[in-house]
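Below, each chain spelled out in residue letters.
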Amino acid sequence: MDASLVVTLDNLYPALIQCFAVIICGYVAGRIGLVTEEQSSGLNTFVGTFSLPSLIFLSLASLNLSDVNWYFLLAILVSKALVFLSVVLVTLLVSRPFSAARAGLYAIFCTQSNDFAIGFPIVLALYKTTHPDYVNYLYLLAPVSLAILNPFGFVLMEVSRNRAGENEQSKWTTVANVARNIATNPIVFMTTLGMLANVLFNHTLPPAMEDVLNVFGSAFTGTALFLLGLRMVGKVQKLHGFALLVPGILIAVKLLALPLVTREVVSLILQFSQHNSTEVQDLSTYGFLYGTFPSAPSVFVYATSYSMDVDLIACAMVACTFLSAPLMFASAKMVIASNLDPKQFMKTLNLFEFDISIAAVLAAIWMLVLFVANKSYQNFHQRMVLYLVISQLVGCVGFLLGHIPLTPVHYAHFILETVGDLSARLWTCLLATALLLVECHNLCSLMRLQPLFLFAAWGLPTLAVAMLMMTTTPQPVGTGENYEYGRTQAAVILFVLITSLVVTVGCLILHQWYLRRQKQYLLLVRETNESSSHPAAVDHSPVHNGGMVSPRRGSNKPEDREGLCSAKPSINDRGHPERQTSEERQMASQEDNILRLIVLLVFLTCSVFISLSVCIWRVVMEGITGVYVELLFLDASLNRGQSLLVLAVYGLDSNTILEPLLSRVTRLWYGGETLQLPAWEDLSFETRHVCEQFISHHLDQCRQDIITDTRWRLRRYRQVFSGSSLVSWLVAHSVVADRSQAAEYCSHLVLGRVIAHVGGSQPFLDHSDTWYGFVSHN
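Thresholds, definitions, all that
Residues numbered from 1 in each chain as written. Predicted model: local features only at pLDDT ≥ 70, side-chain atom pairs only at ≥ 80, totals over all residues. Heavy atoms only, no water. Helix = DSSP H or I, 4+ residues; strand = E, 2+ residues; numbered from the N terminus. Buried < 20%, exposed > 50% of the residue type's maximum accessible area, 1.4 Å probe, protein only. Contact = heavy atoms within 4.5 Å. Pairing = 2+ DSSP bridges. Salt bridge = Lys/Arg side-chain N within 4 Å of Asp/Glu carboxyl O. Core = buried A, V, L, I, M, F, W, Y, C linked by side-chain atoms within 4.5 Å. Disulfide = S-S within 2.5 Å. Axes fitted to C-alpha atoms, helices over the stretch in contact; angles between N-to-C directions. Left-handed = near helix turned anticlockwise from the far one by under 90°. Nonpolar A, V, L, I, M, F, W, Y, C, P; charged D, E, K, R; others polar. pLDDT = per-residue confidence, 0-100.

One can find Leu749 in helix α30 (residues 739-751). For Leu749, a relative accessible area of 0% translates into the label buried. On a C-alpha basis, the gap between Leu749 and Glu692 in space is 9.5 Å, while along the polypeptide they are 57 residues apart. Those residues within four positions of Leu749 in sequence are excluded, and the remaining contacts are Val690, Cys691, Phe694, Val754 and Ile755.

And the structure:
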């Protein structure tokens, strides 16, 4: 094993911190409005038109083509082609309704990597001393997707658009459009131009040209990462419910399947071409890391252009970017460990599991604070998720205690780790059981079973561990046993994993079957009611209340409720957004909780399956192979990182995480307390009347008279006004009698969302240095 490779891969920590710190800064800057959309568009133009093309041209024009391993490029092409074709076929077979465009878009998402914004700084940090030529491979690998694979996806999307009648054109026109898009792509164009310059100048550019290109190229890394964070603004809010399910599958293919396929294909092709073992190992490692780079933001542009799953791709792009960080590190460690002897391998695995456990403990503590602060435990489902997080926390703490070399602590380590792990697996199947019982309207039975659930999840593992320690002698290290208490402990773990897997999968299947049956029943009832109500309303009533058609019966049907809800106050007709009743909001919240739970159960089921595979391998198989090493690291990631899965499903909701945090930051920056704005239907009659009156009679004139541009606290604001100027205007135009009444009048406008403080939801103040703006509802 090359020691320099280990040292290089250990630099992943600072490289990842560097990249994602800049991304987060970009997101925060866009989220709080420090960088506007117009400014973001300017950065995008600079990066795409000047900086990146200059970097590509400079790198390829100075590349020594004789040092390029073309077999490696061929292996990457084969790997991506296999994944691309597999995704297309599976999507065509599974997706309903049938959609060739969706198959092409998903295949592009799973194979096109963010080679430059994410890949370039990481590869540069990792290989600049050991393999500096690996950075240049990025410029040769990018056209693999852009010029060879993506066109097939574009053809599928164009064909689907033609069949839908959106853009009828001939086959040759479709091919010509795709070819034109490829030829005008800046990356493909500059790659071709760079290769020509390489031949023309013999990979040595004139100094003047090189200096100019260096200026533009050196600005790429920081600007591209910052721009990537800006592009995520507005997309984090979509990370909830079933919005995580399909993206989760796509991300798994992109970040797990593609790296594995790439590594194996690179190894096979390089070994077949008789490369030496060191080069095979280095390039397969590089190929594995290359596969873990997240999907490129340009996929979102493709989705927008073809109006295909825009929100889904936006959600997947954000989640894929942040999930790639731990996966890139885990992937590197996986590849290293497969080349170590067993003792070194177990040490590497233990250190990796230690790192994951620390992250999981922090995530579990955060989720506990979040559930308690938001009182989510009052919901039965989320209370059970809270129990699951507690079990995961106990297991991780127990594992961490194992690193303290004291005998009493060792017993505490074994008890806490084993009880925590087993109870977390049992809570998985109990969560699925609770989901099914609630869907079957057996909530009362579920409440009665809650004490039994608590005993099954925590009592039984505690009893099992106690019996195991009292009846079984622990095995000394080096006896060949994979578990401390031998086959007995393995049998207990195997039984729990099989039970959890079977019950969870069974309950999820029954839940979906019950939902389909219920939808069919509701559809049948609706059709029956409609067929029975039309004759009664039309055929059997010769006189309809003196010429007025009488209202139909069954006004509680969905279509009737929708009609009643559509009758909004007049202020809504002038631009206020549609409001939801309290009952609708409660139903939407309950549905969202159900969807989150289903997504979490799918992820946890994958974790249980991996753990079961590892357990069976430990019992049945002997020896360490590359596949077993990867399974062990994957199991450590998913088992110890269960709290991270819960965090991904429940902790990325902007309404419960980001909005309160930004509200607190805004309050510290702008001063004042945050105002909780009620829904429109919950406002008083007086407030609604004031808002309607102001919008109808005064808004346009007031806007013309008082709005201005100003700079306040390091920021420039356009079309705003101070609180005192609005109060003075109201008094001057005799809308109110004095300033005190005007201040009260303005408070109604804030509650009705007609005006708003520049820093967010804050009460109205009659100050000259407190700035507001008119709320646009377009």
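Let us keep going from here.
As a further point, take the pairing of strand β4 (residues 771-774). Residue alternation in β4 divides its side chains into two sets, Trp771 and Gly773 and Tyr772 and Phe774, and both sets are buried. When strand β3 (residues 755-757) meets β4, the two strands line up antiparallel, connected through three bridges. Opposite His757, over in β4, you have Tyr772 as the bridge partner.

In the structure shown here, the tally under the stated rule is five salt bridges. The salt bridge involving Asp421 is made with Arg640; its shortest N-O contact spans 2.9 Å. Separated by 219 residues along the polypeptide, Asp421 in helix α18 (residues 407-439) and Arg640 in helix α24 (residues 626-640) bring together distant segments of the chain. The class for Asp421 is buried, based on a relative accessible area of 17%. A salt bridge links Arg739 to Asp766; its shortest N-O distance comes to 3.0 Å. Residue Arg739 is found in helix α30, and its partner Asp766 is found in the loop between β3 and β4; the two are separated by 27 residues along the sequence. With relative accessibility at 29%, the residue Asp766 sits in the partly exposed group. Within this structure, Glu353, Glu417, Asp421 and Arg640 form a network of salt bridges that share partners.

Ranked by size, the top nonpolar core spans 108 residues in total, and within it Phe72, Phe109, Tyr137 and Tyr286 carry the most contacts. It is helix α7 (residues 133-163) that provides the largest number of residues to this core, a total of twelve residues. In contact with Tyr286, not counting residues within four places along its chain, are Phe72, Val123, Tyr127, Tyr134, Tyr137, Leu138 and Leu141. Formed by 54 residues, the second largest nonpolar core is a distinct cluster that contains Leu431, Ala432, Leu437 and Val496.

A word on unusual backbone geometry. Backbone geometry places Gln719, a non-glycine residue, at a positive phi of 55°. Assignment of secondary structure puts Gln719 in strand β2 (residues 715-722). The phi angle at Arg753 is positive, at roughly 60°, despite the residue not being glycine. You can see Arg753 is positioned in the loop between α30 and β3. Arg753 sits in the partly exposed class, given a relative accessible area of 22%.

Applying the stated criterion across every chain, the model contains zero disulfides. Looking at Cys746, it has no disulfide partner, and the nearest cysteine sulfur is the one in Cys702, 8.3 Å off. Cys746 sits in the buried class, given a relative accessible area of 0%.

Further remarks concern the packing of helix α3 (residues 37-61) against helix α9 (residues 186-201). One can describe the packing of α3 onto α9 by two numbers: an axis separation of 8 Å at closest approach and a directional angle of 35°. α3 and α9 meet at a crossing whose hand is right-handed. Across the interface between the two elements, Gly48, Leu52, Pro53, Ile56, Phe57, Leu60 and Ala61 from α3 touch Pro186, Ile187, Met190, Thr191, Leu193, Gly194, Met195, Ala197 and Asn198 from α9. Residue classes in the contact of α3 with α9 are distributed as twelve nonpolar, four polar and no charged.

A word on the confidence of the model for the protein. Across the protein, the average pLDDT comes to 77, with 78% of residues at or above 70. Scored below 50 in pLDDT, residues 1-7 makes twelve contacts in the model with residues more than four places away or belonging to other chains. Note on residues 536-582: pLDDT under 50 across the span, and 55 contacts to partners over four residues away in sequence or across chains.

Looking now at the packing of helix α6 (residues 115-127) against helix α13 (residues 277-291). Interaxial distance between α6 and α13 falls to 11 Å at its minimum, and their mutual angle equals 145°. In this structure, α6 meets α13 at a crossing whose hand is right-handed. Residues Asp115, Val123, Leu126 and Tyr127 of α6 pack against Thr285, Tyr286, Leu289 and Tyr290 of α13. Looking at the contact of α6 with α13 residue by residue, the class counts come to six nonpolar, one polar and one charged.

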